[in-house]
Amino acid sequence: MAERAALEELVRLQGERVRALKQQKASAEQIEEEVAKLLKLKAQLGPDEGKQKFVLKTPKGTRDYSPRQMAVREKVFDVIVSCFKRHGAEVIDTPVFELKETLTGKYGEDSKLIYDLKDQGGELLSLRYDLTVPFARYLAMNKLTNIKRYHIAKVYRRDNPAMTRGRYREFYQCDFDIAGQFDPMIPDAECLKIMCEILSSLQIGDFLVKVNDRRILDGMFAICGVPDSKFRTICSSVDKLDKVSWEEVKNEMVGEKGLAPEVADRIGDYVQQHGGVSLVEQLLQDPELSQNKQALEGLGDLKLLFEYLTLFGIADKISFDLSLARGLDYYTGVIYEAVLLQTPVRAGEEPLGVGSVAAGGRYDGLVGMFDPKGRKVPCVGLSIGVERIFSIVEQRLEALEEKVRTTETQVLVASAQKKLLEERLKLVSELWDAGIKAELLYRKNPKLLNQLQYCEEAGIPLVAIIGEQELKDGVIKLRSVASREEVDVRREDLVEEIKRRTSQPLCMC
């Protein structure tokens, strides 16, 4: 340590000598000679193991969002929220962390992905994994038995993310849920209708919504010979069929989870089937499945669901898929998942495999887990996978080099001559007070060309130009940035004229 300290002092002194020579404008040869000595000393010193270089980056599985990305994000959120509101939903919020006990045992094999926090004064806490379990806790805690709500917030998963596919450790979920005792399948059908409305409005490509029922799966497992204790773990294996082949799933069931090969083969005969209401009818006639009470209830509800989906005009978007399992433990009835059939490929775009873009289902027992008396509140809901949707929209905009407005400014207050800062400040204040979105450049005497250039770059549609002659005449010159057309508008009429010209919704992309 003493040797290192001595070397560090020599490096410091030699560094000062080099700087002094440079200030004195010594000869290049002399400076070169002293720099060589400095480098030799630094080489002797070697790297300092105790001082690691700090890398400035976001944590793994997270990202920053630029103004351009946020503009796209807000547009997507607007589409989603307007749909939720159109269907009569209220909005709630819950803490970003919950008691660890609240989240434990609700997510099956995915429980290992929960972020646990260090003990912060007597309470064991975890970051929320989704918005559904906190919602169920909220219902039980407030003794609510009936609500239609939406919730948009960040959730956290200790996953190994594939960020290029829209998967992160911190990400937004957009949830819509209906809680309450209602007649079968009416709320469930509305959830599927909402899912289809949102995905169609976002124009991200053709999609298909797979539906199944947990009772059908459990009935199928029972008749195939799966032990009760293995239902949930086998369910998690089946849920991987959209990502890997049946052979791989079978190997996992048999090799890792100890299922008999003949039982796995019987499951395979069922889970590789998919279709529409005709498959429901076919399974209702299945000699074994139709004898299972749970499966029969699930098939009966699916038949009714397809009737309502036909009335809603979305039956062609729905596929009854026996491989859909949804790994979360809390589902009790109908489950569904929307997948893109293909990402739209335009000039310069690479196909982007983003998988599921929305999912949900019925969870009638979750609220009862939190209620001291075990009172159940039936619930059904959906979650929109916005991060994956953002990935698609961003890629498309980049490929098309499409301009995205990052502000909503309607008008820039500009001046044509010098010494008009006070007049610009007065006018911009008048516009703000009237509810107009306005800006001005933070310069006393900006050049008119620079002000117009700023409007071009920021996509501001109008410029309100003040000049000495305009002040004498009591008018403001209003210029359209796109057409470059200018008109004189009386100052008292300016607000209405700006509102009239910018009344159309501003396109964000």
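Throughout this document, residue positions are counted from 1 along each chain, in the order its sequence is written. In keeping with the predicted nature of the model, local features appear solely for residues at pLDDT of at least 70, side-chain atom pairs appear and are counted solely at 80 or more, and the whole-chain, interface and lining totals rest on all residues. The side-chain quantities take in all heavy atoms of the structure and omit both hydrogens and water.

Caption draft 1: Molecular detail of the side chain of T94. Note that T94 resides in the loop between strand 1 (90-91) and strand 2 (97-99). To sort residues, take the accessible area from a 1.4 Å probe on protein chains only and compare it with the maximum for the residue type: under 20% means buried, over 50% means exposed, and anything in between is partly exposed. Overall, the relative accessible area of 9% leaves T94 in the buried class. By the convention used here, residues are in contact when the closest approach between their heavy atoms is within 4.5 Å. Ignoring anything within four residues of it in the chain, the contact list for T94 reads R128, P134, R137 and H151. Secondary structure elements follow DSSP: runs of H or I of four or more residues count as helices, runs of E of two or more count as strands, with numbering from the N terminus.

Caption draft 2: Representation of the sheet that holds strand 10 (residues 356-362) in the model. If you trace the nine strands from one edge of the open sheet to the other, you get 1-4-5-11-10-9-6-8-7, paired in mixed fashion. Whereas interior strands pair on both sides, the edge strands pair on one side only; in this sheet they are strand 1 and strand 7 (274-275). Here, any two strands with at least 2 DSSP bridges between them count as paired. Bridge analysis of strand 4 (residues 147-156) against strand 5 (residues 170-179) gives 10 bridges, and the strand direction is antiparallel. Of the residues in strand 5, the one forming a bridge with H151 is D175. Here an axis means a line fitted to C-alpha atoms, over the contact stretch when the element is a helix, while the angle between two N-to-C directions is reported on a 0 to 180 degree scale. In this fold helix 12 (residues 293-311) packs onto strand 6 (207-213), strand 8 (318-321) and strand 9 (334-340), with an angle of close to 170° to the strand it touches most, strand 8.

Caption draft 3: How the structure looks around the UniProt feature "coiled-coil region" (unreviewed entry) in the protein. UniProt positions are given in the numbering used here, feature names are shortened, and annotations may be inferred rather than shown by experiment. Here the UniProt-annotated "coiled-coil region" (unreviewed entry) positions come out as residues 390-417. In this annotation, residues 390-417 is assigned 39% helix and 18% strand; the end-to-end C-alpha distance for the span is 44 Å.

Caption draft 4: Region of the structure containing the pattern of salt bridges. By definition, a salt bridge exists where a carboxyl oxygen of Asp or Glu is found within 4 Å of a side-chain nitrogen of Lys or Arg. Applying the stated criterion across every chain, the model contains 33 salt bridges. The shortest N-O distance in the salt bridge between R362 and D188 comes to 2.9 Å. Of this pair, R362 sits in strand 10 while D188 is found in helix 6 (residues 186-202), placing the two residues 174 residues apart along the sequence. Judged by its relative accessible area of 0%, D188 is buried. Among the ionic pairs, E492 bridges to R490, the shortest N-O distance being 2.9 Å.

Caption draft 5: Region of interest: the nonpolar core. Residues F84, V209, F221, I267, F320, Y336 and I384 are the most contacted members of the largest nonpolar core, which totals 102 residues. Looking at which element gives the most residues to this core, the answer is helix 6, with nine residues. V413, A438, L462 and L494 belong to the second largest nonpolar core, which has 17 residues in total. Residue types Ala, Val, Leu, Ile, Met, Phe, Trp, Tyr and Cys, when buried and joined through side-chain atoms within 4.5 Å, form a set referred to as a nonpolar core.

Caption draft 6: Representation of the packing of aromatic side chains in the model. We call Phe, Tyr and Trp rings a pair once their centres come within 6.5 Å, taking the six-membered ring for Trp, and we label the pair stacked below 30 degrees between planes, edge-to-face above 60, and tilted otherwise. Inspection of the entire model under this criterion finds seven aromatic pairs. Residues F84 and F176 carry aromatic rings whose centres are separated by 5.5 Å and whose planes lie at 35° to one another, so their mutual orientation is tilted. One end of the pair, F84, is in helix 3 (residues 67-86); the other, F176, is in strand 5, and 92 residues separate them in sequence. By way of ring pairs, the aromatic residues F77, Y172 and F390 are connected into one cluster. For R149, the ring lying beneath its charged end belongs to F135, and the centroid distance is 4.1 Å. Any Lys NZ or Arg CZ that is within 6 Å of a ring centre and within 35 degrees of that ring's normal is treated as a charge sitting over the ring. Between R157 and the ring centre of Y129, over which it is positioned, the NZ or CZ distance is 3.8 Å.

Caption draft 7: Structural detail: helix 18 (residues 494-501). Among the residues of helix 18, those classed as buried are L494, V495, E497 and I498. Considered in projection along helix 18, the buried side chains sweep an arc of 165° and stay on one side of the axis. Those residues of helix 18 that are exposed and aimed more than 90 degrees away from the buried face are E496 and R500. Buried residues in helix 18 make contact with strand 12 (411-415), helix 15 (421-433), strand 14 (462-466), strand 15 (475-480) and strand 16 (486-490). Directions drawn from the helix axis to the C-beta atoms are what define this arc.

Caption draft 8: Region of the structure containing unusual backbone geometry. Positive phi, normally seen in glycine, also occurs at Q203, with a value near 50°. Structurally, Q203 is set in the loop between helix 6 and strand 6. For Q203, a relative accessible area of 59% puts it in the exposed group.

Caption draft 9: Just helix 8 (residues 231-238), in detail. Across the eight residues of helix 8, six count as buried, placing the element largely inside the fold. Of all the positions in helix 8, only F231, I234, C235, S236, S237 and V238 are classed as buried. Buried residues belonging to helix 8 abut helix 7 (214-224), helix 9 (246-256) and helix 10 (261-271).

Caption draft 10: Geometry of a nonpolar patch on the surface. Together, V96, F97 and L117 make up an exposed nonpolar region whose accessible area comes to about 210 Å². Inspection of the secondary structure puts F97 in strand 2. Accessibility expressed as a relative area gives 41% for F97, which makes it partly exposed. Two distance rules govern patches: like charges are joined within 9 Å, and nonpolar side chains (Val, Leu, Ile, Met, Phe, Trp, Tyr) within 5 Å, applied only to residues with over 30% relative accessible area and no salt bridge. Only the protein chains shown count as cover for residues, and the accessible areas themselves come from Shrake-Rupley with a 1.4 Å probe.

Caption draft 11: View of the sheet that holds strand 13 (residues 438-439). Read from one edge to the other, the open sheet built from five strands follows the order 13-12-14-15-16, with strand pairing classed as mixed. Each of the sheet's edge strands pairs with one partner strand only, and the pair in question is strand 13 and strand 16. Strand direction decides the pairing type here: strand 15 and strand 16, joined by five bridges, are antiparallel. Note on strand 16: the bridge partner recorded for L478 is V487. Where helix 15 meets the sheet, its contacts fall on strand 12, strand 13, strand 14 and strand 15, and the angle it forms with strand 12 comes to roughly 160°. The strands that helix 16 (residues 448-458) touches are strand 12, strand 13, strand 14 and strand 15; relative to strand 12, the one it contacts most, it runs at about 170°.

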